[in-house]
Amino acid sequence: MNFFDILSEIEKVDPEVYGRLDSRRSIFKHMSGVGQKLTAAALPLFVGAVFNKAYAQTPGSLAVNDVLNFALRLEYLEMYFYQQRTALTGLSSVNANALSLIATDEANHVKFLRATLGAAAIADPGAAAFDFTGGKGAAGGPFGDYRTNPATYLALAQSFEDTGVRAYKGAAPISSVMANKTVLTAALNIHSVEARHASHIRSMRRAGANSATPSQGVAVAPYSAAPKSWVSGTDGGGAVPGTTNAIYGAGNSSGAGTAANVTYLAEDNTLQGGVTLSGTTIPAASSFPATAFSEAFDEGLDVKTVATIANLFVVTGNNLFSVYL
Amino acid sequence: MSHKILSGPQAPEANLDQPLYTPIKRRSFFMYAGATAGATALVLAGCKDDNNNMPGMVDVGTGDVGVLNYAYALEQLEADFYTQVRMGSYYTSTATAAEKQILDDLYYHEVIHRDFFKAAITAAGATPIKALTTVYPAGTFSSKASVLATAKAFEDLGVAAYNGAGQYITTPQYLYIAGKIVSVEARHAAIIRDLVKEGDFVGSDIVDIAGNSLEMSKAPSVVVATANTFLADGSKLSVSGLG
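(A) Seen up close, the overall build of chain A. Tallying secondary structure elements over chain A gives 11 helices and 2 strands in all. Put simply, chain A runs from its N terminus to its C terminus through helices and strands in the order α-α-α-α-α-α-α-α-α-β-β-α-α. Considering chain A as a whole, with its 325 residues, one finds that 46% of them fall into the buried category. Taking the contacts inside chain A whose residues are at least 6 apart along the sequence as the reference set, 65% of them involve residues at least 24 apart.

(B) Main features of the overall build of chain B. When helices and strands are counted, chain B shows 8 helices and 4 strands. Traced from its N-terminal end to its C-terminal end, chain B shows the element sequence β-α-α-β-α-α-α-β-α-α-α-β. A separation threshold of at least 6 residues defines the contact pool for chain B, and within that pool the share at least 24 residues apart is 75%.

(C) Seen up close, the nonpolar core. Core analysis: the largest hydrophobic core is formed by 154 residues, its most contacted members being A:V177, A:A187 and B:I112. Looking at which element gives the most residues to this core, the answer is helix α7 (residues 172-196) of chain B, with 14 residues. Residues within four places of A:A187 in sequence aside, it is in contact with A:Y168, A:A171, A:A172 and A:V177.

(D) Up close: the interface of chain A and chain B. Contacts between chain A and chain B engage 74 residues on the former and 61 residues on the latter. Counting only elements with at least two residues in the side of chain A that touches chain B, the list comes to α1 (3-13), α3 (24-34), α6 (93-117), α7 (150-171), α9 (181-207) and α10 (291-295) of chain A. Per-element tally for the side of chain A that touches chain B: the top contributor is α9(A), with 16 residues. Looking at the side of chain A that touches chain B residue by residue, the classes come out as 38 nonpolar, 26 polar and 10 charged.

(E) Layout of the environment of A:S176. Residue and element names in this part refer to chain A. Within the secondary structure, S176 sits in helix α8 (residues 175-178). Spatially, the C-alpha atom of S176 lies 8.0 Å from that of S61, the residues being 115 residues apart in sequence. Each residue touching S176, except ones within four places of it in the same chain, is listed here: S61, L62, A63, V64 and V67.

(F) Fine view of α7(B). If you check α7(B), its first and last C-alpha atoms are 36 Å apart, about what 25 residues at 1.5 Å a residue would give, namely 36 Å. α7(B) sits mainly inside the fold: 21 of its 25 residues count as buried.

(G) Looking closely at the confidence of the model for chain B. The pLDDT averaged across chain B works out to 84; a share of 77% of its residues lies at or above 70. Two summary scores accompany this predicted model of the complex, namely pTM at 0.83 and ipTM at 0.84.

(H) Quick look at the packing of helix α3 (residues 63-85) of chain B against helix α5 (residues 97-123) of chain B. Residue and element names in this part refer to chain B. One can describe the packing of α3 onto α5 by two numbers: an axis separation of 8 Å at closest approach and a directional angle of 150°. One finds that α3 runs roughly antiparallel with respect to α5. Handedness of the crossing formed by α3 with α5: left-handed. Residues V65, L68, N69, A71, Y72, E75, Q76, E78, A79, Y82, T83 and V85 of α3 lie in contact with α5, whose contacting residues are L103, L106, Y107, E110, V111, H113, R114, F117, K118, A120 and I121. Along the lines of polarity and charge, the residues of the contact of α3 with α5 split into 14 nonpolar, 4 polar and 5 charged.

(I) Inspection of the environment of B:R193 at higher detail. Residues and elements named next belong to chain B. Mapped onto the fold, R193 is located in helix α7. A sequence separation of 107 residues divides R193 from R86, and the C-alpha atoms of the two residues are 19 Å apart. Contacts of R193, omitting those with residues within four sequence positions, involve K152, D200, F201 and G203.

(J) Up close: the packing of helix α5 (residues 64-83) of chain A against α6(A). All names here are of chain A. Where α5 meets α6, the axes come as close as 9 Å, and the angle between the chain directions of the two elements is 150°. Here α6 runs roughly antiparallel to α5, going by the angle between their axes. Regarding α5 and α6, the two cross each other, and that crossing is left-handed. Across from N65, L68, N69, A71, L72, E75, Y76, E78, M79, Y82 and Q83 in α5, the residues of α6 making contact are L99, I102, A103, E106, A107, H109, V110, L113, R114, T116 and L117.

Criteria and cut-off values
Residues numbered from 1 in each chain as written. Chains lettered and ligands numbered in written order. Predicted model: local features only at pLDDT ≥ 70, side-chain atom pairs only at ≥ 80, totals over all residues. Helix = DSSP H or I, 4+ residues; strand = E, 2+ residues; numbered from the N terminus. Buried ≥ 20, exposed ≤ 12 C-beta atoms within 10 Å, placed from the backbone. Contact = placed C-beta atoms within 7 Å. Core = buried A, V, L, I, M, F, W, Y, C linked by C-beta atoms within 7 Å. Nonpolar A, V, L, I, M, F, W, Y, C, P; charged D, E, K, R; others polar. Expected span 1.5 Å × (residues − 1). pLDDT = per-residue confidence, 0-100. Axes fitted to C-alpha atoms, helices over the stretch in contact; angles between N-to-C directions. Parallel < 35°, antiparallel > 145°, perpendicular 65-115°, else oblique. Left-handed = near helix turned anticlockwise from the far one by under 90°.

In structure tokens, the structure reads:
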């Protein structure tokens, strides 16, 4: 019996077998450890150890359809939110057009995810599942005038887009997603579109909802009311400090809806790949402002933290996001 | 016009022949291993990287390290571009306050990305590719139109490149890092496109808005065909080991 013949045979029915073998590094470790000592008697144990690891379900990890349905729930939230834009007053025409473009993108994302999931897709929750005032279905939420006041509306839009960027980023390294390259690439191709939306909404807020030149606004620290197109630190708590802080905060790094060996830190994080980025660790950046080091990297969030944020905009009694909590 | 990329001291190239964990395709590795069962040390010695196995080209390599070097190459290009933008006459003479604020941040971010990758590749026990030498058409840095058109090309290319290469990454932490950077690149791309033409942040040339509204990602071979037009002979990229 030849171990490599076994792999070759498995590959015929499971083309992903090499990808399932955890990491090639660990195989190398196995192999260099056993080396010439690998006797015929020991081989089954060795093979068993390798495949137990390859096909075992990581405790609490989400299957790929679970992740896709979670994305679909978020896209429904965004789609129904942008459908509410029609009563806004005081938007420049370029800004009104931009919201229409984003609305089209979010509706397209819903259609795409539904088509990808097929029969596994969740039922359409309907517009009535959401309360974008943040009042959980009762009057008096913190975003009460969002339908008519563009400042409130854009504050919500920024919050949803930034949350979406963090959600896709945090879910991409989940093992079931990485194992399906088609799904992974599609998720990445939605992730960057959400980031483009976030950037543009932030530009609109920076220049003002009635500006005909939204790219020409100047950002003002702490970037809550006049944000940069990217997240700077934690943006002073986001568009509505005290309410939106969690969107820029840290997540959970263990349990369901997290990726193995990934730590979900707050947006002001400067620790990347084991190196704390600063003007000291990067000499070419010694004259850069301290904020640049966290701005250069967005941070992801785990499923549960995203669900907690999204659940603020679902009516009481609807379990669209609470199923993840 | 040719310009040596401004960068910190280069890592010594003495460890070019150091064995890597993931330099050759898995399938061919296992074939190797099958033929030399028991001779694991020999197999590992065969897994050495070679950054320059194609004459005159800079080979990014294979596996996760290949993707990291591919990203490092693109970040070198962007960092060099914005370094030069800030010395050019458009930036120094005619750019608005908003444009300067944006271009300053893009310069900071791309230099940080570049030097982060250099450090990360070294920390992974691998060898970063060399500092690349760039070339730009005459006058690139003197007009708003040419600076922003080139910035738009680079930022959109970077987003399409990261999205297209994600599938070749096998280590979750590396995929996560790539995700942290690509969304910042997408934020850059959106505002640069808006500076070129207000409201063009999801143009139909880069997002399939008539269909699924997905970003149109690009394979490494397609990306380097464009990137290489901005790289001098001897600095052009080969990505034949990816994918």
